[in-house]
Amino acid sequence: MNDFKKESDDLRSKTLLAMQRVSESGYYLLGPELELFERNWAEKCNVGDAIGVANGMDAIEIALRSLDIGPGDEVITTSMTAFATVLAIYRSGAIPVLADIVPETGLICIDSVRRCLSKNTKAILLVHLYGYVTKMNDWCSLSISEGIHLIEDCAQAHLSTYRGKSAGSFGAAGAYSFYPTKNLGAFGDAGALITNDNNIAKFSRRLRNYGQSERYHHPILGLNSRLDEIQAAILNVRLTYLESFTWRRREIAKLYNKHFENELLFPLEEPADPKSHSYHLYVINTNYRDLLASFLDRNGIQTFMHYPLPISAQRPCQNIVNDPAGLPNATHHAETCLSLPCHPTMSDAEVFKVIEVINKFRV
Ligand SMILES: *Cc1c(COP(=O)(O)O)cnc(C)c1O
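Residues numbered from 1 in each chain as written. Predicted model: local features only at pLDDT ≥ 70, side-chain atom pairs only at ≥ 80, totals over all residues. Heavy atoms only, no water.

Chemist: I would appreciate a short explanation of the pairing of strand β9 (residues 191-195) in the present structure.
Modeler: Within a regular strand, side chains alternate between the sheet's two faces. With five of its five residues buried, β9 lies for the most part within the structure. Here β9 shows no split at all, with G191, L193 and T195 on one side and A192 and I194 on the other all buried. Here five bridges tie strand β1 (residues 49-53) to β9, and the two strands are oriented antiparallel to one another. Of the residues in β9, the one forming a bridge with D49 is T195. Where strand β8 (residues 173-177) meets β9, four bridges bridge the pair, whose relative direction is antiparallel. (Buried < 20%, exposed > 50% of the residue type's maximum accessible area, 1.4 Å probe, protein only. Helix = DSSP H or I, 4+ residues; strand = E, 2+ residues; numbered from the N terminus. Pairing = 2+ DSSP bridges.)

Structure follows, in structure tokens:
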């Protein structure tokens, strides 16, 4: 699924040089590499500010807390996402409310979100699952008409754009993860939030550093959530490869969509605009998931599932508030989804091997 060892010598040597530069600088936290990365990432996303934090989950929590969302407030999100999305809501003190998904995309369903609204709803946390950013006009209209914040979980959507605008730039703030396997990944944990709102930027810079405004002064109770200089330096190097890596992912997805011929499986919706999908994950649905996964495994092809359990099935979430109409689509997706290899280091031969094996699958 992720073959980092196949990355180029060029990338490896530039990364090692960057690490050495940090080691010799004597500056390990909140220094020039982070400042440079924040500028680079804000520019890439075409927003006013990027604030580096320790990981993607913290980026969500800090975004929520910067908007003064906390105990008693409800935040609506999808039942089909990484657990970190929902854990970040809990960590802010707010209450997560789970909406169902659209079967064709796996993304949160707007009608379901409408059913989840209450007088306590403060925000919608939209997850651009697998990297797909779509229907942003509808989400922006809903957030305006209901007077609630829109926050974007962009942990899987680096460089995805909708009508030219970057993931994370539609609502109050966008949260990115640079976990090693994400489309832009560090050599460990890292994350960032992006925003066009100066107050959110200022508040989140304080929150990530114990709530400190200036040395010795802590007007708010913050976190310890800084992005290390060494990780920022690595990200500054890897960022220069991100465009080409992302196009390679899109190319692989296009080949899959074009050449898969097997009635036993259904790829998710292919976007009309390739730029609206970063293909962090290429996901199909099949009623024969376990059989297909073991068939692929026997043919040397690794797969994962994103995600085999909806959030509502996780133990701490048993009593969570859900869409009153239930979560049938998320539950079905959890039982039928399979993620196929879609990594920029894959060769054409490897991509066509996957296609050949998929097309041979029978039950
Ligand atoms: C990876 C991920 C996160 C969490 O990011 P971390 O950096 O691992 O904390 C949050 N949401 C989604 C959708 C993710 O894929």
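Chemist: Mind showing me how you'd approach the packing of aromatic side chains here?
Modeler: The description of an aromatic ring pair rests on the distance of the ring centres and on the angle between the ring planes. Under the definition given, this model contains 11 aromatic pairs. Measuring from ring centre to ring centre gives 6.1 Å for Y279 and Y282, while their planes differ by 25°; the resulting arrangement is stacked. For Y279, a relative accessible area of 7% translates into the label buried. A network of ring pairs unites the aromatic residues F37, W41, Y176 and F178 as a single cluster. Sitting above the plane of the F170 ring, K165 keeps its charged end 4.9 Å from the centroid. (Phe/Tyr/Trp six-rings, centres within 6.5 Å; stacked < 30°, edge-to-face > 60°. Lys NZ or Arg CZ within 6 Å of the ring centre and 35° of its normal.)

Chemist: What am I meant to see in unusual backbone geometry here?
Modeler: Across residues other than glycine, the phi torsion is negative in most instances, and most of the peptide bonds are trans. Cis geometry is adopted by the peptide bond preceding Y307, which originates at H306 and carries an omega value of 10°. Of note, Y307 is situated in the loop between α9 (289-298) and β12 (321-322). Located in the positive-phi region is L30, a residue other than glycine, with phi close to 50°. You can see L30 is positioned in the loop between α1 (9-25) and α2 (32-45). Of note, Y279 is a non-glycine position whose phi angle comes to about 45°, a positive value. By the secondary structure assignment, Y279 is in the loop between β10 (266-267) and β11 (282-285).

Chemist: Mind showing me how you'd approach the sheet that holds strand β5 (residues 149-153) here?
Modeler: Consider a sheet: its strands pair through backbone hydrogen bonds, and that pairing is either parallel or antiparallel. Pairing within the open sheet is mixed, and its eight strands lie in the order β1-β9-β8-β5-β4-β2-β3-β12. Since the sheet does not close on itself, it has two edges, and those belong to β1 and β12, each with one partner. With three bridges connecting them, strand β2 (residues 74-78) and strand β4 (residues 121-127) associate as parallel partners. Each residue of the ladder has a partner; that of I76, found in β4, is I124. The sheet strands contacting α2 are β1, β8 and β9, and the helix crosses β1 at an angle near 130°. (Contact = heavy atoms within 4.5 Å. Axes fitted to C-alpha atoms, helices over the stretch in contact; angles between N-to-C directions.)

Chemist: When you look at the pairing of β8 in this model, what are you seeing that I'm missing?
Modeler: Burial analysis of β8 places five of its five residues in the buried class, which makes it a mostly covered element. Neither face of β8 is exposed, since A173, A175 and S177 on one face and G174 and Y176 on the opposite face are all buried. As judged from the three bridges shared by β5 and β8, these two strands associate in the parallel manner. Of the residues in β8, the one forming a bridge with I151 is A173.

Chemist: Would you mind showing me how to read the site of the ligand here?
Modeler: Around the ligand sit 15 residues, and of these G56, D153, Q156, S177 and K182 come closest. Measuring from a nitrogen atom of the ligand, one finds a side-chain N or O atom of T85 at 3.3 Å. At 2.8 Å from an oxygen atom of the ligand is found a side-chain nitrogen or oxygen belonging to K182. For the ligand, whose unbound accessible area comes to 380 Å², protein coverage reaches 89%. Of all elements in the fold, only α3 (56-66) and α4 (83-92) reach the threshold of two or more residues within the shell around the ligand. For the shell around the ligand, a count of residues per class yields seven nonpolar, six polar and two charged. (Near = heavy atom within 4 Å. Polar contact = N/O pair within 3.5 Å; in protein donor to acceptor, adjacent residues only side chain to side chain. Areas by Shrake-Rupley, 256 points an atom, 1.4 Å probe, with all protein chains shown as cover. Nonpolar A, V, L, I, M, F, W, Y, C, P; charged D, E, K, R; others polar.)

Chemist: Any chance you could explain the pattern of salt bridges here in plain terms?
Modeler: Pairing between side chains of opposite charge can happen when the charged atoms of each approach one another. One pass over the full model with this rule turns up 18 salt bridges. Between E243 and K44 there is a salt bridge, and its shortest N-O distance comes to 3.4 Å. Here E243, found in helix α8 (residues 229-259), pairs with K44, found in helix α2; they are 199 residues apart in sequence, far enough to count as distant. E243 gets classed as partly exposed once you look at its relative accessible area, which sits at 37%. Looking at K44, the relative accessible area reads 33%, which means it is partly exposed. D348 is paired through a salt bridge with R248; the nearest N and O atoms lie 3.0 Å apart. Of this pair, D348 sits in helix α11 (residues 348-360) while R248 sits in helix α8; the two residues are 100 residues apart in sequence, bridging distant segments of the chain. Taking relative accessible area as the criterion, D348 reaches 44% and is therefore assigned partly exposed. Given the relative accessible area of 14%, R248 is considered buried. One network of salt bridges, in which partners are shared, links E38, D49, R205 and R208. (Salt bridge = Lys/Arg side-chain N within 4 Å of Asp/Glu carboxyl O.)

Chemist: I keep staring at the nonpolar core and nothing clicks. Help me out?
Modeler: Generally speaking, nonpolar side chains in soluble globular proteins are found buried as a group. Ranked by internal contacts, the top residues of the largest apolar core, which has 40 residues, are F37, W41, W139 and F178. In contact with F37, not counting residues within four places along its chain, are F178, L184, L227, A232, L235, N236 and L239. (Core = buried A, V, L, I, M, F, W, Y, C linked by side-chain atoms within 4.5 Å.)

Chemist: How do you make sense of the side chain of S143 when you look at a structure like this?
Modeler: Take S143: it is sitting in helix α6 (residues 136-146). In contact with S143, other than residues within four places in its own chain, are I148 and L150.

Chemist: What is the right way to look at α4 in this model?
Modeler: Two residues of an α-helix separated by three or four positions point the same way, owing to the 3.6 residues in each turn. By the burial criterion, the buried members of α4 are T85, V86, A88, I89 and S92. Taken down its axis, α4 places every buried residue within 150° of arc, on the same side. Among the structural elements, α3, β2, β3 (95-99), β4 and β5 are those in contact with the buried residues of α4. The first or second residue beyond α4 is G93, which carries a positive phi of 95°. (Arc of directions from axis to C-beta.)

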